[in-house]
Amino acid sequence: RQMCIRDRWYAVWVRSGQEDRVLELCKTFRHYHPDAYEECFIPTYEKYRKVKGQPTKQLAHLLPGYLFFVSDHPQELQKLLKRIPEFAKTLGDDDGAIPLYQEEVEFLQRYTGDERILKMSEGYLVGSELVVTDGPLKDYQGKVMKIDRHKRTAVLELEFLGRKTKVTVGLEVVRKVNK
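Residues numbered from 1 in each chain as written. Predicted model: local features only at pLDDT ≥ 70, side-chain atom pairs only at ≥ 80, totals over all residues. Heavy atoms only, no water.

(A) Looking closely at the packing of aromatic side chains. Summed over all chains, the structure comprises 9 aromatic pairs. Arranged with centres 6.5 Å apart and planes meeting at 40°, the rings of Tyr66 and Phe68 form a pair that is tilted. Pairing Tyr111 with Tyr140 gives two aromatic rings, centres 6.1 Å apart and planes at 75°, and the pair type is edge-to-face. Pair noted here: Tyr111 is in helix H3 (residues 102-112) and Tyr140 is in the loop between strand S11 (129-134) and strand S12 (143-148), with a separation of 29 residues, a long-range link. The burial state of Tyr111 is the same as that of Tyr140; both residues are buried. (Phe/Tyr/Trp six-rings, centres within 6.5 Å; stacked < 30°, edge-to-face > 60°. Helix = DSSP H or I, 4+ residues; strand = E, 2+ residues; numbered from the N terminus. Buried < 20%, exposed > 50% of the residue type's maximum accessible area, 1.4 Å probe, protein only.)

(B) How the structure looks around the environment of Val12. With respect to the secondary-structure elements, Val12 resides in strand S1 (residues 9-14). On a C-alpha basis, the gap between Val12 and Phe68 in space is 6.2 Å, while along the polypeptide they are 56 residues apart.

(C) Molecular detail of the sheet that holds strand S9 (residues 117-118). If you walk across this open sheet you meet the 3 strands as S4-S3-S9, and the pairing is mixed. Since the sheet does not close on itself, it has two edges, and those belong to strand S4 (54-61) and S9, each with one partner. As defined by bridge partners, strand S3 (residues 44-51) adjoins S9 across 2 bridges and the pair is classed as parallel. Its bridge partner lying in S9, Thr44 is registered against Ile117. (Pairing = 2+ DSSP bridges.)

(D) Looking closely at unusual backbone geometry. The residue Lys52 is not glycine, and still its phi comes out positive at about 55°. Take Lys52: it is sitting in the loop between S3 and S4. The class for Lys52 is exposed, based on a relative accessible area of 84%. Positive phi values are uncommon outside glycine, yet Arg116 reaches one of about 65°. Mapping Arg116 onto the fold places it in the loop between H3 and S9.

(E) The arrangement of the environment of Lys151 in detail. With respect to the helices and strands, the residue Lys151 is situated in the loop between S12 and strand S13 (153-160). Lys151 gets classed as exposed once you look at its relative accessible area, which sits at 52%. Distance in space between the C-alpha atoms of Lys151 and Lys50 is 9.2 Å, their sequence separation being 101 residues.

(F) Fine view of the sheet that holds S13. Read across the open sheet, the 5 strands follow the order S11-S10-S14-S13-S12; overall the sheet is mixed. Two strands close off the open sheet at either side, each with one partner strand: S11 and S12. Each adjacent strand pair in this sheet contributes to an overall mean axis angle of 40°, direction not counted. Taken together, the 6 bridges between strand S10 (residues 121-126) and strand S14 (residues 163-177) define a ladder with parallel strand orientation. Across the sheet, residue Leu125 finds its bridge partner in S14, namely Lys176. (Axes fitted to C-alpha atoms, helices over the stretch in contact; angles between N-to-C directions.)

(G) Summary view of H3. For H3, the full list of buried residues reads Glu104, Val105, Phe107, Leu108, Tyr111 and Thr112. Buried residues along H3 cover an arc of 160° about the axis, so they all sit on one side. Facing away from the buried side of H3 by more than 90 degrees, the exposed set consists of Glu103 and Arg110. Here the buried face of H3 lies against S1, S3, strand S5 (66-70), S9 and S13. (Arc of directions from axis to C-beta. Contact = heavy atoms within 4.5 Å.)

(H) Broad picture of the side chain of Thr112. Note on placement: Thr112 falls in helix H3. Overall, Thr112 belongs to the buried group, its relative accessible area being 3%. The contacts of Thr112, once residues within four sequence positions are left out, are Pro43, Thr44, Leu62, Phe107, Ile117 and Leu118.

Pasting the structure below:
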C-alpha cells in the first residue's frame with residue numbers, strides 16, 4: 001500500500017510547558033534512531049506583546065501540549081520516544097501511533113507553511129462580523145469564538161485531534177465599522 005501524506009504526520013502529547021524540552025530531547029536522541037522522523041516541530045503563531053511600551057512580535061505555541069512528527073517509520077518514532085523520560089504518549093491505539101486526519105495536516109500546512117509559524121493576520125469588524133483582509137487567515141471559514149483587540153488575538157474553534165479545540169492566533173483588528 002502506498003503511503004499518502006496524512007499517513008506520515010503524527011501528534012505526540014506532552015505536559016504543557018515541556019514542549020520545547022521534549023523537542024530538544026528528540027533531536028538529541030535521534031542518532032539512536034536516525035529513521036524515526038523527517039521533521040519534528042511545534043507549530044507556533046505570531047503575537048504582539050508590549051515590551052517597555054512598544055509592541056514586540058513574539059511566538060507562542062499554537063497547540064500547547066503537542067509535538068508533531070513527519071515520519072515514514074512510526075515504529076522507529078515510537079522507539080525514540082520511549083527513550084525520553086518527559087514523553088507522555090503518542091496519540092493512537094494499542095497498535096501504535098495513528099496519523100493525523102487529512103484536514104488536520106492540511107490546516108497545519110496551509111496556515112503555518114514550511115516555517116510552521118502562523119503569521120499575524122489583519123482585518124476589521126463590521127458589527128460583530130470579522131472580515132480578514134490580509135495574512136494566512138484571509139480565507140479562513142471556521143468559527144471565531146472570541147476577538148481580543150487589546151491583545152491582538154482571536155480564538156478559533158477547530159476540529160483537531162478528534163475533538164473540538166480552541167486555538168489562539170494573532171489577529172490585528174485595525175478598525176470597527178458599524179452596520
